[in-house]
Amino acid sequence: MKKIVCAVVSLLAVCSAHAGERLSSDELKAFYTDATISGVHFKLGPGKTYFGADGGVHSKSDGGKERIGKWWIDDAAGKRCIRWNSKNKDLCHYTERNGDGTHTLIHGKNGKRLVEIKSTQQGNHL
């Protein structure tokens, strides 16, 4: 019983040590490239976004809003960036891992939570 308790405590310590940790540039590339991200955007609600290996990005909210643009990783800043075709502005944000295996997109300037990322799938699943 003592060994089980020690094992559970050790696992919790390892998981909590990674919670809130920002993904590195290499981790960001692996996480987003050719992947469909499902999550909840705090303004647009639930939806999915596909990050193409060619740098294209396509997003569809469950409410019907669709956006298309370009994405890239800012290696120096460790941020994932998007420029939507409908906006003349680069949006660069951090991605943090959560203790439960999910991720959160964090605003690159004010630190607010923007998107709760629930899951990722390789390929385009829009």
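Residues numbered from 1 in each chain as written. Predicted model: local features only at pLDDT ≥ 70, side-chain atom pairs only at ≥ 80, totals over all residues. Heavy atoms only, no water.

### Thoughts on the packing of aromatic side chains
To keep it simple, the criterion reads: Each aromatic pair joins two rings of Phe, Tyr and Trp (for Trp, the six-membered one) with centres within 6.5 Å, and gets the label stacked for planes under 30 degrees apart, edge-to-face for over 60, and tilted for any other angle. Going along the chain from the N terminus, every DSSP run of H or I of four or more residues is numbered as a helix, and every run of E of two or more is numbered as a strand. For the exposure calls, accessible area comes from a 1.4 Å probe over protein chains only, and a residue counts as buried if that area is under 20% of its type's maximum, exposed if over 50%, partly exposed in between. Charge over a ring is defined by NZ of Lys or CZ of Arg lying within 6 Å of the ring centre and within 35 degrees of the ring normal.
Enumeration over the complete set of coordinates arrives at 4 aromatic pairs. On the numbers, 4.8 Å between centres and 65 degrees between planes, the contact of Y32 with F51 is edge-to-face. With a gap of 19 residues between them, Y32 in helix 2 (residues 25–32) and F51 in strand 3 (residues 45–51) connect regions that are remote in the sequence. For the pair Y32 and F51, a shared accessibility class is recorded, and that class is buried. Site record: aromatic cluster; members linked through ring pairs are F31, Y32, F51 and W71. Sitting above the plane of the Y94 ring, R22 keeps its charged end 3.5 Å from the centroid. Over the ring of Y32 we find R80; its NZ or CZ atom is 5.3 Å from the centre of that ring.

### Some words on the nonpolar core
Heads up, the rule is: In plain words, nonpolar cores are sets of buried Ala, Val, Leu, Ile, Met, Phe, Trp, Tyr and Cys residues tied together by side-chain atoms within 4.5 Å. Two residues form a contact once any of their heavy atoms are found within 4.5 Å.
Within the largest apolar cluster, 17 residues are counted, with the highest numbers of intra-cluster contacts made by Y32, I37, F51 and W71. For this core, the secondary-structure elements that each account for two or more residues are helix 2, strand 2 (35–41), strand 5 (66–74), strand 6 (79–84) and strand 9 (113–122). Among residues more than four places away in sequence, those in contact with Y32 are I37, F51, W71, R80, T95, L105 and I117.

### Details of the pattern of salt bridges
Stated precisely, the cut-off is as follows: Every case where a carboxyl oxygen of Asp or Glu lies within 4 Å of a side-chain nitrogen of Lys or Arg is listed as a salt bridge.
This model, assessed by the stated rule, comprises 6 salt bridges. Residue R22 pairs with E96 through a salt bridge whose shortest N-O separation is 4.0 Å. Here the residue R22 occupies a position in strand 1 (residues 21–22), and E96 occupies one in strand 7 (residues 91–97), the gap between them amounting to 74 residues. Notably, a salt bridge pairs R83 with D90, separated by 2.6 Å at the nearest N-O pair. You can call D90 partly exposed: its relative accessible area is 38%. Bridged by salt links that share partners, the residues E21, E27 and R97 form one connected network.

### Details of the state of the cysteines
Linking two cysteines covalently via their sulfur atoms produces the bond known as a disulfide. For clarity, the threshold we go by: Criterion for a disulfide: a pair of cysteine sulfur atoms within 2.5 Å.
A complete count under the given rule lists 1 disulfide for this structure. Each disulfide pairs two cysteine sulfurs, and for C81 the partner residue is C92, the sulfurs being separated by 2.1 Å. Residues C81 and C92 are joined through a disulfide that is right-handed, its torsion about the S-S bond being 115 degrees. Residue C81 is found in strand 6, and its partner C92 is found in strand 7; the two are separated by 11 residues along the sequence.

### Points about the environment of S25
Among the structural elements, S25 can be located in helix 2. For S25, a relative accessible area of 14% corresponds to the buried category. Separated by 69 residues in the primary sequence, S25 and Y94 place their C-alpha atoms 9.9 Å from one another. For S25, the residues in contact, after removing those within four places along its chain, are I73, D74, D75 and G78.

### Quick notes on the side chain of H93
As a reminder, the rule being used: For this analysis, a polar contact is any N or O atom pair within 3.5 Å, provided that within protein one partner can donate a hydrogen and the other can accept it, and provided that sequence-adjacent residues contribute only side-chain to side-chain pairs.
For H93, the position within the fold is in strand 7. Using a relative accessible area of 8% as the deciding quantity, one classes H93 as buried. Among the polar contacts listed, one links the side chain of H93 to the backbone nitrogen of G108, at a separation of 3.0 Å. Dropping the residues within four chain positions of it, H93 is found in contact with K79, R80, L105, I106, H107, G108 and L114.

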